[in-house]
Amino acid sequence: MHIFSLISLLLLASCDSMISEVEIDPGQPKLVVVSYLSPEVDTITLQLTRSLPLYSIRNYDDWDNEPVPDALVQISYGQEAVKLSYDPIKKRYWTTDLIVKKGRSYELFIRTSTGEEVSSSCTIPSKEPPEIEIISIIRPFPSENFRILNLRFRDYDGEGDYYRMTVGQLNMYGYQPDEKYIDKIYMQTGEEFVSDKGYDGEYFTYKTHQFYVWDQATLLLYLAITDVHYYSYHQSIYNFAGDNPFAEPTPVYSNIEGGLGVFAGFSIVEVELNF
Amino acid sequence: MKKQIIFFVLFIFSGMHFIFAQNRLTISGYVREKGSRELLPGVNVYLPEQRIGTSTNNYGFYSISLPPGTYSISFSFIGYQTHELDLNLTTALVYDVELEGSITLKEVEVTADRIERLTENSQMSMISVPVKQIQTIPALLGEKDVFKALQLMPGVQKGSEGSSGLYVRGGGPDQNLIILDDAPVYNASHLFGFFSVFNGDAIKSIELTKGGFPARHGGRLSSVVEMTMKDGNKEKISGNAGIGFISSRLTLEGPVIKEKSSFLLSGRRTYIDALIRPFITAEEMGGYYFYDLNAKLNYDFGPKNKLYLSGYFGRDKFHFSSKYDTWKEKGGLYWQNKTATLRWNHLFNSRIFSNTSLIFSDYNLNIFNEYESSYDKYSLEYKSGIRDIGIKYDIEYHHSPFYSARAGAQTTHHYFLPSAIVETETNTLLDFSSTIAYNSFESGVYLENHFNINGELQINAGFRMAHFVADKAHYFSPEPRLSANYLLRPGLSVKAAYSVMNQHIHLLSNTGIGLPTDLWVPSTDRIAPQHSEQVSIGLANDILKYDLQLSVEAYYKTSKHILGYKPGASFLLLDDPSGAQSFTWQDNVTAGKGESYGIEWLLQKKSGKTSGWIGYTLSWTQLQFDEINFGKKFWARHDRRHDISIVIIHEYSDQITLSGSWVYGTGNAITLPIATFAANQHDPLVSPDMYMTHFYYWDLYDYGGINEHRMKPYHRLDIAIQFHKKLTTYSRTWEIGLYNAYNRHNPFFYFIDYEYLGNHDEVSKLKQVSIFPIIPSISYIINF
């Protein structure tokens with residue numbers, strides 16, 4: 001806003017001599033792990049890269065956040081352990097041997113070829129996502145072919161539930177005939193990631209922005225019930241304020257011991273709405 | 001809780017039995033300054049042979065009851081000649097005293113047993129800086145500031161460069177109760193915190209208590225800053241005026257009815273909007289100003305009744321406007337404090353003194369923006385603030401030098417307005433208004449018992465019961481207060497104190513920059529009152545030979561339910577006030593715990609040709625919030641391991657005073673990014689097989705933990721020289737000062753700068769911005 005830029009101009013010395021460099025040691029790179037487990041997906045994938053320390057020289061070409069191949073990546077349930085193999089084309093680790101079931105807890109262990117180790121664990125929610133109730137579909141402008149969708153779902157009783165509500169519209173004009181593209185529809189009211197803290201047993205209500213209906217349209221509603229790691233991680237990225245000097249710093253949540261990133265569990269349901 | 005209440009009630013009643021029903025005669029009266037007849041609080045009334053004494057209260061009243069006999073009583077106060085009284089006490093006596101003040105501290109005749117004795121006072125953890133010393137300490141741009149002087153004391157730290165906020169024993173600036181003539185002041189800053197709103201010319205006394213709080217004070221966790229305005233010269237019209245770089249000030253005081261009634265008027269204003277000069281052109285205009293005004297009127301009906309009316313009004317305004325052919329815009333922000341108190345002193349008899357106060361205090365912040373063009377008209381008005389109306393009753397009972405008691409009650413209605421927004425735009429048919437307001441009542445009842453056993457052991461046992469009701473919330477907070485002083489030998493005493501404090505109203509302040517976007521909010525059913533417990537022990541030594549006072553104090557303080565912002569929260573939501581999210585501040589804050597401990601050393605010389613002090617504080621302050629730093633303990637931003645202040649005032653001659661101050665502080669603990677990384681987000685809209693290749697190249701920051709990094713240490717030397725000249729009807733002083741005399745570039749904030757080196761190489765550097773280089777100043781002051 002106009003006012004605050006003037007204020008900061010006032011506060012900031014216009015004199016270059018009032019700006020000086022501060023000595024600081026650049027840190028060590030850390031391992032970044034991202035992986036999600038859900039019963040609905042057969043292939044488990046995992047991204048493994050390294051963080052780039054600040055306050056040292058970096059080369060643009062390094063910015064691709066090169067993945068770390070040749071690492072031992074293992075997910076286990078109790079005594080059963082499954083090793084993930086590295087796919088150099090897709091640049092990720094994967095497996096189809098792991099069975100993911102509701103209520104189970106999984107452990108992750110990674111050791112790189114240089115001896116760095118990180119570990120983590122997560123639990124798949126034991127309940128299925130709640131039922132989505134369509135409250136109404138409104139046509140805001142009678143002469144135009146727009147719609148607004150009102151929906152809600154009810155939180156399960158008992159605190160400690162986390163959800164994600166995402167709505168998309170199937171894009172009819174994709175590049176390839178067999179590839180599905182979904183455009184996100186944003187919400188006027190209602191948060192994408194919610195926790196039931198303080199709202200136990202209540203309804204979470206959503207109202208979308210208007211979306212255009214051609215001769216026909218398909219809406220896809222995704223409701224996931226997630227664990228605390230999934231929620232905290234995405235919430236912290238959503239809040240990430242970056243360089244805003246007026247906002248509190250926003251550390252990105254991580255449940256990776258010795259590293260960054262997330263290892264989280266969720267269960268998702270997809271509901272199709274045709275117009 | 002019940003047990004504690006019962007214990008204290010029993011203790012209080014059992015204490016009463018210590019008092020023998022002796023035949024005692026009371027000597028009482030008022031102590032005034034000779035000439036102006038200004039009532040003097042805190043004057044020592046001491047009987048050296050019996051080793052007993054008392055002091056005048058806030059209104060200059062003292063009372064001491066003794067068995068019949070001959071006594072030698074001395075009335076002493078820093079900056080004044082001691083008055084001796086030898087008498088043969090046969091009947092009750094009303095004895096008013098006039099103390100002769102000295103212009104300079106050098107003139108005070110110091111003799112071994114007559115200076116103010118630190119060791120005699122059971123009140124520990126209290127700082128009082130003589131207002132005369134504050135006028136001499138060199139200050140930024142020559143603007144004498146009572147708060148900046150307090151920041152030079154151990155246990156009290158300043159925030160960022162230039163800020164006048166007080167951080168007392170690990171607590172933030174929101175945890176200080178700042179009262180001016182009984183009225184709380186909610187935003188004590190001018191110019192974003194560079195100066196406090198208190199004009200030293202209008203202040204008679206200032207006392208800061210940082211621990212061992214007596215039961216009569218409550219409502220904030222960390223400190224009580226009690227300021228009393230001057231009443232006004234009752235003999236003749238007098239005053240002083242000053243011209244400085246930033247502001248000019250004028251104080252006028254004088255009698256309305258000679259010896260009965262007087263007034264005081266003191267004002268300050270910035271007169272050159274020099275700070276905004278660069279921005280002024282024909283089309284663009286902008287400016288900044290602040291002003292403040294202290295006013296007081298009092299009437300002395302006689303020894304039994306006195307009436308005082310005081311008020312404070314102050315405002316800061318920052319504004320800009322643009323005017324072109326096709327459009328015009330204006331906007332700005334301003335904040336203001338208004339306080340008013342009506343106080344009535346009533347003396348029931350020579351031993352019982354009471355005061356009733358009616359209190360009003362109002363603080364608000366306004367941000368406005370208006371834009372008009374040929375096809376659109378937009379206006380935004382944002383207001384936030386707090387308004388108090390209260391009543392307070394205090395009663396003192398001076399039974400004997402061995403026992404006195406104080407009791408009272410207070411209730412305040414708070415009207416909180418965390419936000420009131422009105423936004424309209426003709427183009428889009430926008431007409432949005434939203435007001436969030438709360439009404440609440442905050443009350444307290446207290447009882448203090450002061451025992452003096454054998455002249456060696458003094459105990460102040462008190463209890464305060466606080467109550468708060470707002471919206472759906474209802475809180476009772478019992479607060480036991482205990483402090484003791486044991487005289488090991490003359491001139492050396494050991495002190496200890498324990499106090500429980502609660503704070504029912506909260507200040508939400510953004511990352512400590514001290515911007516006026518600070519919000520005052522009440523406790524609610526979801527936000528509990530903040531609570532702290534503090535235990536302190538100390539040693540006080542009066543080194544009479546050199547007129548020095550040494551005090552060493554160690555403290556340990558725990559607090560819970562303290563508020564902080566959730567990560568990412570920002571109250572600068574003015575980008576889109578009518579946006580999708582409704583503004584519920586309760587969702588943006590989170591509660592946590594604090595732990596703070598340390599040792600404070602102070603060596604002080606309050607009078608003489610050379611005076612001043614050396615203070616050193618070694619302290620630790622840690623916080624723990626479940627929702628910040630993922631629940632791990634972290635250093636508070638204002639955690640300052642070492643804090644040193646050295647202040648020296650030397651009266652070279654009657655005409656020349658030299659002064660200097662040097663401060664050192666460990667740097668603030670801040671959160672800095674240490675690395676960037678990219679991390680995938682889960683996206684349900686991308687097919688499961690695809691989403692893992694769909695990399696989101698966020699430049700996310702790895703901060704490595706909250707407040708893990710220390711800024712560079714802060715240190716600064718200020719020096720000043722004053723040239724005095726006394727003429728027949730007035731006296732004048734020229735002051736030349738140098739702020740930051742060796743031009744130390746202290747960090748104000750850090751930012752990351754990226755430099756491109758060529759060949760696809762880039763380096764990020766951590767840089768600091770400093771705001772105050774060496775700054776000279778000249779000011780001119782006259783006293784008449």
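About the thresholds
Residue numbers restart at each chain and count upward from 1, following the sequence in its written direction. Ligands are numbered from 1 and chains lettered from A, in the order in which they are written. For this predicted model, a pLDDT threshold of at least 70 governs which residues receive local features, and a threshold of 80 or more governs which side-chain atom pairs are given and counted, while totals over whole chains, interfaces and linings are taken from all residues. Calculated side-chain values reflect all of the structure's heavy atoms, with hydrogen atoms and water omitted. Where helices and strands are cited, they refer to DSSP runs of H or I of at least four residues and of E of at least two residues respectively, numbered from the N terminus. Relative accessible area decides the class of each residue, using a 1.4 Å probe on protein chains only: under 20% of the type maximum gives buried, over 50% gives exposed, and in between gives partly exposed. Only the protein chains shown count as cover for residues, and all accessible areas are computed by the Shrake-Rupley method using a 1.4 Å probe. Where each domain starts and ends comes from a domain assignment, either automatic or drawn from a database. Under the convention used here, Asp and Glu are negative, Lys and Arg are positive, and both His and the chain ends fall outside the count. Each salt bridge in this description consists of a side-chain nitrogen of Lys or Arg and a carboxyl oxygen of Asp or Glu lying within 4 Å of one another. We define a polar contact as two N or O atoms separated by no more than 3.5 Å, with the added condition that, inside protein, one atom must be a possible hydrogen donor and the other a possible acceptor, whereas residues neighbouring each other in sequence contribute only through side-chain atom pairs. Here, two residues are considered to be in contact whenever any of their heavy atoms come within 4.5 Å of each other. Two strands are said to pair when DSSP picks up at least two bridges between them. Comment: axis = line fitted to C-alpha atoms, over the contacting stretch for helices; angle = value between 0 and 180 degrees taken between N-to-C directions.

## A look at the overall build of chain B
Here's step 1: Within chain B, the regular secondary structure consists of 5 helices and 48 strands.
Here's step 2: Across the 784 residues in chain B, those meeting the buried criterion constitute 59%.
Here's step 3: When the accessible surface of chain B is totalled, it reaches about 30800 Å², and 60% of it is carbon and sulfur.

## Looking at helix α2 (residues 228-238) of chain A
Here's step 1: Most of α2 of chain A is tucked away, with 9 of its 11 residues classed as buried.
Here's step 2: For α2 of chain A, every residue scored as buried is listed here: H229, Y230, Y231, S232, Y233, H234, Q235, S236 and I237 of chain A.

## Notes on the domain arrangement of chain A
Here's step 1: Looking at the assigned domains, one finds that chain A contains domain 1 (31-125 + 252-265) and domain 2 (133-226).
Here's step 2: The centre of domain 1 of chain A, based on its C-alpha atoms, is set 30 Å off from the matching centre of domain 2 of chain A.

## A few points about the side chain of K557 of chain B
All names here are of chain B.
Here's step 1: Residue placement: K557 occurs in strand β34 (residues 548-565).
Here's step 2: One buried charged side chain, K557, makes no salt bridge at all; its nearest oppositely charged neighbour is E600, positioned 8.6 Å away.
Here's step 3: Side-chain polar atoms of K557 contact the side chain of S222, separated by 2.9 Å.
Here's step 4: In this view, K557 contacts V168, R169, G171, L221, S222, E533, Q534, G594, E595 and S596; residues no more than four positions away in its chain are not counted.

## Description of the pairing of strand β3 (residues 44-50) of chain A
Residue and element names in this part refer to chain A.
Here's step 1: Within β3, 6 of the 7 residues are buried, which leaves it mostly tucked inside the rest of the structure.
Here's step 2: Relative to β3, strand β2 (residues 31-37) runs antiparallel, the two being bridged by 5 bridges. Directly across from V33, in β3, lies its bridge partner L48.
Here's step 3: What sits between β2 and β3 in their antiparallel hairpin is a turn of 6 residues.

## Description of the sheet that holds strand β4 (residues 52-53) of chain A
Here's step 1: Read from one edge of the open sheet, 3 strands run β4(A)-β41(B)-β42(B), paired in antiparallel fashion. Each edge of the open sheet carries a strand with a single partner, namely β4 of chain A together with β42 (700-702) of chain B.

## Comments concerning the sheet that holds strand β2 (residues 44-47) of chain B
Residue and element names in this part refer to chain B.
Here's step 1: In space, the 4 strands of this open sheet follow the order β3-β2-β5-β6, with antiparallel pairing throughout. The open sheet has two edge strands with one neighbour each: β3 (52-55) and β6 (83-89). Taken pair by pair, the neighbouring strands of this sheet meet at an average axis angle of 20 degrees, ignoring direction.
Here's step 2: Sheet analysis places strand β5 (residues 69-76) next to β6, joined by 7 bridges and oriented antiparallel. Looking at the pairing, I73 lines up with L85 of β6.

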